[in-house]
Amino acid sequence: MIIIGIDTAIRKTGYGVLELTGAGSLKVLDCGVIANPVKLPHSECLRRLSGGIRELIEAFHPDAASIEGAFASRNIKTAMILSLARGAVIAKLAEHRIPVYEYSPKTAKRAATGSGEASKEQVAAMIASLGGLNVADIPNDSTDALALALCHGTLAMRPGGELLLPKPV
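Conventions adopted
- Counting starts from 1 at the beginning of each chain's written sequence and moves along it residue by residue.
- Local features in this predicted model are restricted to residues of pLDDT 70 or higher, and side-chain atom pairs are both shown and tallied only at a pLDDT of 80 or more, whereas totals for entire chains, interfaces and linings draw on every residue.
- Excluding hydrogens and water, the side-chain values take into account all heavy atoms of the structure.
- Going along the chain from the N terminus, every DSSP run of H or I of four or more residues is numbered as a helix, and every run of E of two or more is numbered as a strand.
- Using a 1.4 Å probe on the protein chains alone, a residue whose accessible area is under 20% of its type maximum counts as buried, one over 50% counts as exposed, and one in between counts as partly exposed.
- By the convention used here, residues are in contact when the closest approach between their heavy atoms is within 4.5 Å.
- The criterion is simple. A nonpolar core is a set of buried Ala, Val, Leu, Ile, Met, Phe, Trp, Tyr and Cys residues joined through side-chain atoms within 4.5 Å.
- By convention in this document, the label disulfide applies to cysteine sulfur atom pairs within 2.5 Å.
- Basic side-chain nitrogens of Lys or Arg form a salt bridge, by our definition, when they fall within 4 Å of a carboxyl oxygen of Asp or Glu.
- In this description, strands pair whenever DSSP reports at least two bridges between them.
- Fitted lines through C-alpha atoms give the axes, limited to the stretch in contact for helices. The angle between two N-to-C directions lies from 0 to 180 degrees.
- A helix's residues, less one, multiplied by 1.5 Å, set its expected span.
- Each polar contact in these results corresponds to two N or O atoms within 3.5 Å; when the atoms are within protein, one needs to be able to donate a hydrogen and the other to accept it, and residues that are neighboring in sequence are counted only if both atoms are side-chain atoms.

A look at the overall build of the protein chain
Tallying secondary structure elements over the protein chain gives 5 helices and 5 strands in all. Listed by position from the N terminus, the elements making up the protein chain come as β-β-β-α-β-α-β-α-α-α. By its C-alpha atoms, the protein chain is 45 × 30 × 30 Å across when sized along the principal axes. Out of the 169 residues belonging to the protein chain, those deemed buried represent 44%. Counting contacts in the protein chain only where the partners sit at least 6 residues apart, residues at least 24 apart contribute 63% of the total.

So, the nonpolar core
Ranked by size, the top nonpolar core spans 24 residues in total, and within it L18, I127, I138, L146 and L150 carry the most contacts. Counting only elements with at least two residues in this core, the list comes to β2 (12-20), β3 (26-35), β5 (100-103), α3 (105-113), α4 (120-131) and α5 (143-157). Among the elements that make up this core, the one with the highest residue count is α5 (7 residues). Discounting residues that sit within four places of it in the chain, L18 has contacts with M1, I2, I3, L26, K27, V28, L29, L146, A149 and L150. Counting 23 residues, the second-largest nonpolar core is a separate cluster that includes I2, C45, I53 and I57.

Re the state of the cysteines
In the structure shown here, the tally under the stated rule is 0 disulfides. Lacking any disulfide linkage, C151 is separated from the closest cysteine sulfur, that of C31, by 18 Å. For C151, a relative accessible area of 5% gives the class buried.

Side note on the pattern of salt bridges
By the definition in use, this model includes 7 salt bridges. E58 is the salt-bridge partner of R54, the closest N and O atoms lying 3.9 Å from each other. On the criterion of helical spacing, the pair formed by R54 and E58 is a turn pair, its members being 4 residues apart in helix α1 (residues 42-60). A relative accessible area of 31% means that R54 is categorised as partly exposed. Taking the relative accessible area as the measure of exposure, E58 reaches 45% and is therefore partly exposed. A salt bridge links K120 to D144; the nearest nitrogen and oxygen atoms lie 2.9 Å apart. Placement of K120 in helix α4 and of D144 in helix α5 is noted, with a sequence separation of 24 residues between them. The class for K120 is partly exposed, based on a relative accessible area of 26%.

Details of the sheet that holds β3
Strand order in this open sheet of 5 strands is β3-β2-β1-β4-β5, and the pairing throughout is mixed. Pairing within the sheet leaves two strands with one partner each, and these edge strands are β3 and β5. Each neighbouring strand pair of the sheet contributes to a mean axis angle of 20°, computed without reference to strand direction. In the sheet, β2 pairs with β3 via 9 bridges, with the strands oriented antiparallel. Looking at β3, one finds that T13 is bridged to I34. Its contacts with the sheet put helix α2 (residues 76-95) on β1 (2-7), β4 (64-68) and β5, and the angle it makes with β4 is roughly 170°. Most of the contacts of α5 go to β2, to which it runs at about 30°, and overall it touches β1, β2, β3, β4 and β5.

Concerning α5
Three or four residues apart is the spacing at which side chains of an α-helix point the same way, because the helix has 3.6 residues per turn. Between its terminal C-alpha atoms α5 stretches 21 Å, which fits the 21 Å expected from 15 residues at 1.5 Å a residue. Counting buried positions along α5 yields 13 of 15 residues, so the element is predominantly enclosed.

Observations regarding the side chain of T13
Along the chain, T13 turns up in strand β2. Its relative accessible area of 1% is what places T13 among the buried residues. Among the polar contacts listed, one links the side chain of T13 to the backbone oxygen of A9, at a separation of 2.5 Å. Not counting residues within four places of it along the chain, the set of residues in contact with T13 comprises I6, D7, T8, G32, V33, I34 and L49.

As C-alpha cells, this is what we get:
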C-alpha cells in the first residue's frame, strides 16, 4: 500500500510518500516540501500546490492520502488561507479518486513515536530509523506529513483495520 501524507500550508506544504507491506515493512519513497515564495499571490500558490500534488500522484500512484484534520484558529485570516490550501490538495486528490483521511497531529505523532507530544526531531528520528534513512535527509516541514502517512498506513494494514479507519473526507 502506498500512502501520501500531506501537511498543508500555503507557503510550505510538507509531503511524505510511504510504501507499507503486509509483512510490516516500511519504505520511504519520497519526502519534501512544495514551497511557494512569500511574494506570490495566493492564487499562484494554490496553482503550484495543485500541480505539485498532481506530480506526486503521477509519480507514485498512492492508494490513499492522509492529511491533518482542520483546526480552529483565533486568526480567521490564517484559518481561511490554510483552508484554501487544504481545498486545493483535497480537490486534486479527489480528481484522481484517491481517498483522503484526516488525523489529528497528536494521533499522527503517537502512531510514529508512541507519544502525541513528540517533537518534529523525534518524529524524523523514528521515521528515519523505520525507513532506513539518514535523519538529515528528512526536511523539517515533511516530518508531520510522514507521521500522517505512517498513521494511516499502520491502521489500514492492521488486520481488521479497515473497520477502524475514519470516514474519508
